[in-house]
Amino acid sequence: MISINPFRPSQRRWRIAWLLGLGVLVNYFDRVNLSVSHDALITTFGISNIAFGYLSGAYNWTYAMCQLPIGVLLDRFGIRRIGRVSTFLWSIASFGAAITPNLGGFFAARFLLGVGEAPTFPASAKAISHWFPPRERSFSTAIFDSAAKFANAIGVPLIGIILIKVGWRWSFAATGFISFAYFLLFWRVYRDPEEDPNLTEVERSHIAEHIEPDPLAITQPPASLGYLLRQRKVLGLAIGFGSYNYVFYLLITWLPSYLSAALHIDLLHSFLYTGVPWLFATCTDLSGGFLADFLIHHGYDASRVRKAIVVIGTAFGLGILGAGHAHTATRALFWISMSIGGLSAASPVGWSIPSMIAPRGSVGTVGGIMNFSNQLSGIAAPIITGRRTFARWAGVV
């Protein structure tokens, strides 16, 4: 049997996993760009922090609206076609934000970015279901899911330095160039297993070996959206990870400004300190995915393992409450790291679940339902908590 080693480049499926992870990394560079540019955008467009909260949520409006149809389109047209269109659109959106002369144009760029990036997570989850047997899916999912955290860890300070040195427009242009480079790479590399000429027969057999054939897959069409929305497991998954995403987007949007304004840390150091909880989250994300696959591979009950990691990880998410009473950067970063670290450990297990519970041919749609709930939280977090809590701590509203 072929060995399981995610760091061996000779194994094609792990190359695909790292490709998906790179896509999410680039994807989140585009997203964190806005929070890094908070002060510069307020000065340039003459807006309040309340208006900035709405601007932060603009991306999530179109992102959320696209989730349900994107899931259906992924199941119908495939990852390769949808992925090429989406990566091109998000590149154009970044360039559009860099050159826009007014606030309306910036809103339009963020709306387009939401459309372009909408397929990213459902497509990645669907790709993992094609390329990996179930016992390897938690860690392979963690590769692309942890990239979202790692992008915050390195993206905020890197983009912050660009912004300080040459201005916010060039920081958006830089992410545009990086995004376009990824579009070209995805176009060249990604194929489904049955279309990939570089996939060996040994690895193809390994991928298929542990996937139980579904005799109804040929005769039955993918499950309808209405049917999936009535399933308790699907709804429970959507509600649970919508709650997780509230904390996630709250930190993406407001963490640099919170450290700077509420804890009186200068702008450059706030960018650097922001990386601490996200680096911790990257490690716990990969660890959670690895632990799940390791325990399942060694004979532990798969359902109990996944439930335990999700429950324990999300319980640590309550640590965000401790940050509300912190008066030093050290204490704030401790509680924030505990919160996002625990949630991140649970996240790859959550993103591997659609491929486990979805009827054959419907993984993209289940992923879209899950991410739709996530983005409702992404819309709410910058506006509700950002307005009433973080902004109040900073004394700006």
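Up top you'll find the structure we're talking about.
Residues numbered from 1 in each chain as written. Predicted model: local features only at pLDDT ≥ 70, side-chain atom pairs only at ≥ 80, totals over all residues. Heavy atoms only, no water.

### Observations regarding the overall build of the protein
The cut-off we apply is this: Strands are runs of DSSP state E lasting at least 2 residues, helices are runs of H or I lasting at least 4, and numbering of each runs from the N terminus. Three labels apply to residues, based on accessible area from a 1.4 Å probe with only protein chains included: buried if under 20% of the type maximum, exposed if over 50%, partly exposed otherwise in between. Note on contacts: a residue pair qualifies if any of its non-hydrogen atoms lie within 4.5 Å across the two residues. In this description, accessible areas are obtained by the Shrake-Rupley approach with a 1.4 Å probe, and a residue is regarded as covered only by the protein chains that are shown.
For the protein, the helix and strand inventory stands at 16 helices and zero strands. For the protein, the residues scored as buried account for 57% of the 397 residues in total. Sequence-distant contacts, at least 24 apart, represent 82% of the contacts inside the protein between residues at least 6 apart. A total accessible area of about 16,800 Å² is found for the protein, and carbon and sulfur atoms account for 67% of it.

### Remarks on the packing of aromatic side chains
For any pair of aromatic rings, geometry is given as the distance between the ring centres together with the angle between the planes. Applied cut-off: Classification of ring pairs rests on two measures: the distance between centres of Phe, Tyr or Trp rings, Trp counted by its six-membered ring, which must be within 6.5 Å, and the angle between planes, read as stacked under 30 degrees, edge-to-face over 60 and tilted in between. Placement of a charge over a ring requires the Lys NZ or Arg CZ to be within 6 Å of the ring centre, with the centre-to-atom vector within 35 degrees of the ring normal.
Applying the stated criterion to the full structure yields 25 aromatic pairs. In this structure an aromatic cluster arises from ring pairing among Tyr28, Phe121, Phe144, Phe241, Tyr244, Phe248 and Trp278. In this structure, Arg84 packs its charged tip against the face of Trp187, placed 3.9 Å from the ring centre.

### Points about the nonpolar core
If you look at soluble globular proteins, the nonpolar side chains tend to sit buried side by side. Stated formally: Only buried Ala, Val, Leu, Ile, Met, Phe, Trp, Tyr and Cys residues count toward a nonpolar core, and they belong to the same one when joined by side-chain atoms within 4.5 Å.
One finds Tyr28, Phe106, Phe248 and Trp278 to be the most contacted residues of the largest nonpolar core, which totals 84 residues. Ranked by residues supplied to this core, first place goes to helix H1 (residues 12-36) with 13 residues. With residues up to four places along the chain from it excluded, the contact list for Phe248 reads Tyr28, Ala148, Lys149, Asn152, Trp278 and Ile340. Formed by eight residues, the second largest nonpolar core is a distinct cluster that contains Ala223, Val234, Ala358 and Val366.

### Details of helix H6 (residues 120-131)
Every α-helix winds through 3.6 residues per turn, so residues three or four apart in the chain are directed the same way. Stated formally: Under the convention used throughout, the expected extent of a helix is 1.5 Å for every residue step, that is, one less than its residue count.
The first and last C-alpha atoms of H6 sit 16 Å apart over twelve residues, in line with the 16 Å expected at 1.5 Å per residue. With eleven of twelve residues buried, H6 is to be regarded as a mostly interior element. Buried within H6 we find Thr120, Phe121, Pro122, Ala123, Ser124, Ala125, Lys126, Ala127, Ile128, Ser129 and Trp131.

### Examining helix H4 (residues 79-99)
The terminal C-alpha atoms of H4, which comprises 21 residues, lie 31 Å apart, in line with the 30 Å expected from a rise of 1.5 Å per residue. Within the span of H4, buried status applies to Ile79, Ile82, Gly83, Arg84, Ser86, Thr87, Trp90, Ser91, Ala93, Ser94, Ala97 and Ala98. In this structure, the buried side of H4 is in contact with H1, helix H3 (49-77), helix H5 (103-117), H6 and helix H8 (168-189).

### A few points about the packing of helix H7 (residues 137-166) against H8
Formally: As a rule, the C-alpha atoms of each element are fitted with a line to give its axis, helices using only the stretch in contact, and angles between N-to-C directions run from 0 to 180 degrees. Angles below 35 degrees are treated as roughly parallel, those above 145 as roughly antiparallel, those between 65 and 115 as roughly perpendicular, and all remaining angles as oblique. Each crossing gets its handedness from the near helix: less than a right angle anticlockwise from the far helix is left-handed, clockwise is right-handed. Amino acids outside the nonpolar list (Ala, Val, Leu, Ile, Met, Phe, Trp, Tyr, Cys, Pro) and the charged list (Asp, Glu, Lys, Arg) are all regarded as polar, and Gly is one of them.
Look at H7 against H8: their axes get within 7 Å of each other, and the N-to-C directions meet at 135 degrees. When the axes of H7 and H8 are compared, the pair comes out oblique. The chirality of how H7 crosses H8 is right-handed. Where H7 abuts H8, its residues Ile159, Ile162, Leu163 and Val166 lie against Trp168, Trp170, Ser171, Ala174 and Thr175. Residue composition of the contact of H7 with H8, by class: seven nonpolar, two polar and no charged.

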